[in-house]
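Now for the letters of each chain:
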Amino acid sequence: MAVKEVNEEGKPAVNANGVPLFKNKMTKLDEKLDNEVVYEFGGPIGVVCMMLGFPSLMYYFWVCLEFNQGRIITPASYTKEGIIQFVLEEIVAKVKVGAAPTLIAAKIYLGFVLYSAILAYVMPGPVIEGLPLPSLKGGKLKYLCNGLTSWYFTLIFSAVLHVTGIFRLTSIIENFGSIMTIAIMWGFTLTALVNGTAVIMGKQHRMSGNVFYDFFMGVCLNPRIGKLDLKMWAETRVPWPVLFFLSVSCALKQYELRGYVSGPVAFMVLAHFLYCNACQKGEECIPTSWDIFYEKDGFMLIFWNMAGVPFTYCYSSIYLMKYELTTGQTIQHSWAYTVGLFITLLFAYYIFDTGNSQKNRFRMEQNGSFVTRAAFPQLPYGHIKNPTYIKTEHGNLLLTSGWWGVVRKPHYTADLIQSLSWGLITGAGSFLPYFYFCFFVCVLTHRVSRDMERCAKKYGKDWDKYCEKVPYIFVPYVF
Ligand code: NDP
C-alpha cells in the first residue's frame, strides 16, 4: 500500500497495512494522567490488608490441600480462643512442619530465578521499542525479547536434567510447601530491593506519599539492571515457567507412582504449557501492554509474579496429585466430559491468543515496532490486514476489527473461560481449583473498571463513540 502521509519527523505516517503511526509528542493530558495518584484497592489500609492477607491465604489453602484433600477447614468454635487455637494448631504448626524454608527449596527456587535472569540477559532475541512514555517526554525504552529462545532452551535443559537424574523434576512437588515459602520471602525481599534502590537513585514516579501504598504500588516505573528490564522479566520469565514446571512435576510424580498420566493431569500440563508458551512467543507484544506502559513495579506486580501466580494458579494440579496420594485413587471423568473440556480449553486459548495478538500487533504497527516471528503456534486471524479503527483526537487509534469489533475485552472473556476449565477438569470435590477463576473474575472486573475510567478521561467523546460502536464488554448481547 502506498505511503499516504509524512509525520513531523519526515517518516511515513501510515504503514503498509494502512495503520497510522503514533504521535511521539506527549500532551499535557498524557502527563497529567500518568502522574495522577488515585487511591485504589481501598487505599493504604486496603493494601496493608492485601500484603498480609495474600501470604496468609496461600498458607491456609496450602494446609487445606496438603492435609485435608482440598477441603476448606474452619475453626471448631468462633470464640477468640477457638480462632487462636485453630490458627496455631491447624495452620502455624502445619506450616512449620511442611512449609519451613529449606536449603534444597532455596536452591530450587532461587536457582531458577537466577538462571532465568541470566538467560534474559544473554539469550538472543529481537529488540523491541516500548510505547512513548509521558515520563520520558515521549521517549521509548528498548526491550530485548529473548523469552522464546530462553523458553525452548529451558524445555530442553530441564528434560536433560530430569532424564540424567542430575535434577529430578519431581523434586519440585516434593518440596512444594518450602519452595512456596522461599517464593513468598523473595517476593517481599525483591520488592524492598527494587523500591529501596529506586528511592536512593531518585527514580520516584507517581508517588502518593504514603509509605505502605507506595510500597504496594511501587516507586519507579521501569527498574532496570543494564538491559534487563526487571518488570518485564518478572511478568513472563518466572511465574509462568514455574507454574508449568509445577504441573509437569505432578504429572511425572503420577507417572512414577502409577505408570500412567491421567486425562485431567495431562489437561493441566497442556493448559499451563499453552499459557506459558503464549507469554514467551508473544513477548514482543508485551512492551506495548498496560502493565509495562503504566503500572509501577511494586509489591502488587513483584509479589504476585514471584509467588502469587505460580503458587495459587497451580491448585488444580496440586489437588489432582494430593487426592491421588491420600486416597490412592485417580480423578477421572467420562470421555465426553474430558474431551469437551479439552475442546473448550483449545477454543478459549485460540480467542485469547489471537485477541491479544490482534490488538498488540495493531499497537505495534502504530508504534513502528511490528515484527513477524517464527514462533509456534502462529494462529490464523492473529494479525488483521487493513484493520478498521476510530481515530481519536488524542492521536491514538482504537481498533474495531477482529474480535475487537465484537466486544471490548475479548481476551479477558477467553482468559476467564480458560481459568474456569482449569477448575472443571478437577470435578466438584474441592473449591480450591476454582479459586483462580473466582479471583480472576475480581481482578479482571477491577481492571476493566480502572481501564475504562482511564480511557474515558484520555479519549473523551471518542471513547463514547467507541463504546457505541462496540457496546458489549465481555459477551455480545449479554454484558
Ligand atoms: P489490555 O490488553 O486490555 O490493555 C488495556 C489498554 O489497551 C487500554 O488502556 C488502552 O490503552 C488499550 N486499548 C483498549 N481497547 C483498545 C482498542 N480497541 N484498540 C486499541 N487499544 C485499546 O490489558 P491487560 O494488559 O490487562 O491484558 C492483557 C492480557 O493479559 C489479557 O489477556 C489478560 O487476560 C491477561 N492478564 C492475565 C493475568 C493473569 O493473572 N493471568 C492478569 C492480568 C492480565 P491506551 O490508553 O494506550 O489506548
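Residues numbered from 1 in each chain as written. Predicted model: local features only at pLDDT ≥ 70, side-chain atom pairs only at ≥ 80, totals over all residues. Heavy atoms only, no water.

Here is the rule we go by: UniProt positions are given in the numbering used here, feature names are shortened, and annotations may be inferred rather than shown by experiment.
An unreviewed UniProt entry lists the chain under the name Delta(24(24(1)))-sterol reductase, from Thamnidium elegans. Quoted verbatim from the Subcellular location (unreviewed entry) field of UniProt, the annotation for the chain is "Endoplasmic reticulum membrane". The UniProt entry for the chain carries this comment under Sequence similarities (unreviewed entry): "Belongs to the ERG4/ERG24 family."

## Topic: the layout of surface pockets
Inclusion rule: Using a grid of 1 Å spacing that covers the protein atoms alone, one calls a set of points a cavity when a 1.4 Å probe fits there but cannot get out, and a pocket when the set is open and has protein on both sides within 12 Å along at least five of seven lines; lining residues are those with an atom within 4 Å of a point. Grid points are joined across faces, edges and corners, and a volume is the space filled by probe spheres set on the points. Each helix corresponds to a stretch of at least 4 residues labelled H or I by DSSP, and each strand to a stretch of at least 2 residues labelled E; elements are numbered beginning at the N terminus. Gly falls in the polar group here, along with every residue not listed as nonpolar (Ala, Val, Leu, Ile, Met, Phe, Trp, Tyr, Cys, Pro) or charged (Asp, Glu, Lys, Arg).
By volume, the second largest pocket amounts to about 590 Å³. Around the second largest pocket, the lining comprises 26 residues; the ones closest to its centre are Lys203, Cys220, Asn222, Pro223 and Arg224. A per-element tally of the lining of the second largest pocket places helix H7 (residues 176–200) first, with six residues. Looking at side-chain class alone, the lining of the second largest pocket contains 19 nonpolar, five polar and two charged residues.

## Considering the packing of helix H2 (residues 43–67) against helix H13 (residues 299–312)
Here is the rule we go by: Throughout, an axis means a line fitted to C-alpha atoms (over the contacting stretch in the case of helices), and angles, computed between N-to-C directions, take values from 0 to 180 degrees. What sets the label is the angle itself: under 35 degrees gives roughly parallel, over 145 gives roughly antiparallel, 65 to 115 gives roughly perpendicular, and the rest give oblique. In this description, contact between two residues means that some pair of their heavy atoms is separated by no more than 4.5 Å.
Where H2 contacts H13, the two axes come as close as 11 Å, and the packing angle between them is 10 degrees. With respect to H13, the axis of H2 lies roughly parallel. Along the contact surface, H2 presents Met51, Phe54, Pro55 and Met58, while H13 presents Phe299, Phe303, Trp304, Ala307, Gly308, Phe311 and Thr312. In the contact of H2 with H13, the residues fall into nine nonpolar, two polar and no charged.

## Description of helix H14 (residues 315–327)
This is how it is decided: Here, expected helix span is obtained from the residue count minus one, scaled by 1.5 Å. For every residue, the accessible area (1.4 Å probe, protein chains only) is compared with the maximum for its type, and the residue is labelled buried under 20%, exposed over 50%, or partly exposed between those bounds.
Between the first and last C-alpha of H14 there are 17 Å, a value that for 13 residues agrees with the 18 Å anticipated at 1.5 Å per step. Those residues of H14 that fall on the buried side of the exposure criterion are Tyr315, Ser316, Ser317, Ile318, Tyr319, Leu320, Met321, Lys322 and Glu324. Residue Gly328 follows H14 closely and has a positive phi angle near 75 degrees.

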